[in-house]
Amino acid sequence: MAVPAVQPSPGNAGSAANPNRNKLMPISNGFNNATANLYMHAQLAKGIRVQLTSYLSARHHNETWVKDGFIQIDESPIDMPILNTLMKYTTVKIGHFEVNYGDFHFKRSDNGQALFNPFVGNAIMDAFTTEVGAEAVLQHKGLFGVVALTNGEIRGNITRPADRSPAAMAKLGFDRQLNDDVRVRLSGSWRNQGSAISNTLYSGDRAGSRYYFVLENDKATESANFTSGRINPGFSDKLSAYMINPFIKVKGAEVFGMYEKAKGRSASETALREVDQVMAEGVYRFLQDEKLFLGARWNRVTGNLGGANSDVTVTRGNVGGGWFITPSLLLKAELVEQKYEGFVRTDIRNGGKFRGFMIEAVTAF
């Protein structure tokens, strides 16, 4: 559990009628909830399968909660030469699925699925959501492209049509194993939605942060305040964003990067705001089958969160490592420190900082 060391923010002493909203939740060493995912796949026909993912236990929803469900088509159900040729290079998803914006969502911890994340936490501004729509992926000789059209919200909706428009997304990239020792990947993603009742690109994670109760008010609850340590820019109505992700691996050494710029507003705002995010991550994997690894990650978010928080900076550093006891059993640990700058003095995050040490065990089967 991360333990905060926080510069106090000004505020009243607090009373039953007027509680002190800047009084921090006291936390200490302890255990987070255990989390679990359930994946169910069914092969409906050659090249056609359905997937259903459920969170069996999560910080936000302790009960079973469906994440997504969709049909994936890799071969044409109609035996026509032109369709058979096209589907050699194309994959289509239809249903409610994880939005393929950026590359970090492939690495991040998704509730119980944490095998691909070399650290315990995710990005400060966490671009992850599931939406209803359709997506097509084209791949050929290391080049790939993605186009998608979704409803732009985490749930289906047919009301308030004047307040809603579809979300469009495109992605281009290159991914190739150049030789036995070198793999390179570069991708660029773009997403745009003109209007939404509740755009959830940066608030769509229903599992929750691993950093329980950091920089939270003492009246916070585990489920209601499930995004501890994250920044949501509040672009719930209009949003345009892009992300660039380079990746290179040379033998056991790998480097991953992120540059993201998002512009948008909420329904109550008239002017657009901008928020930027950068990340640099380095991991070195060694011993037979790369069973052990060490790594470091630096992540920063800057920009206008609206209101008086018009120029803030949030910086996080992680160092850690892990041991794949078996290919499907991972033990990892990290040191984390995060600082908040530029927040208005009446905000609980004003002058805030937390640091701590975490150990996490992960299995998948």
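Details of the structure are given in the entry above.
Residues numbered from 1 in each chain as written. Predicted model: local features only at pLDDT ≥ 70, side-chain atom pairs only at ≥ 80, totals over all residues. Heavy atoms only, no water.

1. Some thoughts on the packing of aromatic side chains
Phase 1: Scanning the model with the defined rule gives seven aromatic pairs in all.
Phase 2: For the pair Phe70 and Phe97, a centre-to-centre distance of 6.4 Å together with 85 degrees between the ring planes defines the contact as edge-to-face. Of the two residues, Phe70 is situated in strand 4 (residues 65–73) and Phe97 in strand 5 (residues 90–98); the sequence distance between them amounts to 27 residues. A single burial state applies to Phe70 and to Phe97, both of which are buried. (Phe/Tyr/Trp six-rings, centres within 6.5 Å; stacked < 30°, edge-to-face > 60°. Helix = DSSP H or I, 4+ residues; strand = E, 2+ residues; numbered from the N terminus. Buried < 20%, exposed > 50% of the residue type's maximum accessible area, 1.4 Å probe, protein only.)

2. Observations concerning the environment of Asp180
Phase 1: Its place among the elements puts Asp180 in the loop between strand 8 (167–177) and strand 9 (182–193).
Phase 2: Distance in space between the C-alpha atoms of Asp180 and Val250 is 9.1 Å, their sequence separation being 70 residues.

3. Details of a nonpolar patch on the surface
Phase 1: Taken together, the side chains of Val319, Trp323, Ile325, Leu329, Leu331, Leu335, Phe357 and Ile359 make up a nonpolar region of the molecular surface, amounting to roughly 720 Å² of accessible area.
Phase 2: Elements with a minimum of two residues in the nonpolar patch: strand 14 (312–326), strand 15 (329–341) and strand 16 (353–363).
Phase 3: Within the secondary structure layout, Leu329 lies in strand 15. (Patch = residues over 30% accessible without salt bridge, like charges linked within 9 Å, V, L, I, M, F, W, Y side chains within 5 Å. Areas by Shrake-Rupley, 256 points an atom, 1.4 Å probe, with all protein chains shown as cover. Salt bridge = Lys/Arg side-chain N within 4 Å of Asp/Glu carboxyl O.)

4. Comments concerning the pattern of salt bridges
Phase 1: Per the stated rule, a full pass over the model turns up 31 salt bridges.
Phase 2: One salt bridge connects Arg210 with Glu360, and the closest N-O pair in it is separated by 2.6 Å. Of this pair, Arg210 sits in the loop between strand 9 and strand 10 (238–250) while Glu360 sits in strand 16; the two residues are 150 residues apart in sequence, bridging distant segments of the chain. Here Arg210 matches Glu360 in class, with each residue buried.

5. Some details on unusual backbone geometry
Phase 1: Positioned with a positive phi, Phe213 is a non-glycine residue whose angle comes to about 65 degrees.
Phase 2: When you line up the elements, Phe213 lands in the loop between strand 9 and strand 10.

6. Quick look at the pairing of strand 11 (residues 253–265)
Phase 1: Relative to strand 11, strand 10 is paired through 11 bridges, and the arrangement is antiparallel. Bridge pairing in strand 11 places Ser240 opposite Lys263.
Phase 2: Between strand 10 and strand 11, which pair antiparallel in sequence order, lie two residues; one of them, Lys251, sits at a positive phi of approximately 55 degrees.
Phase 3: Where strand 11 lies against strand 12 (residues 273–286), 12 bridges are found, and the strand directions are antiparallel. Bridging from a neighbouring strand, Glu254 pairs with Val283 of strand 12. (Pairing = 2+ DSSP bridges.)

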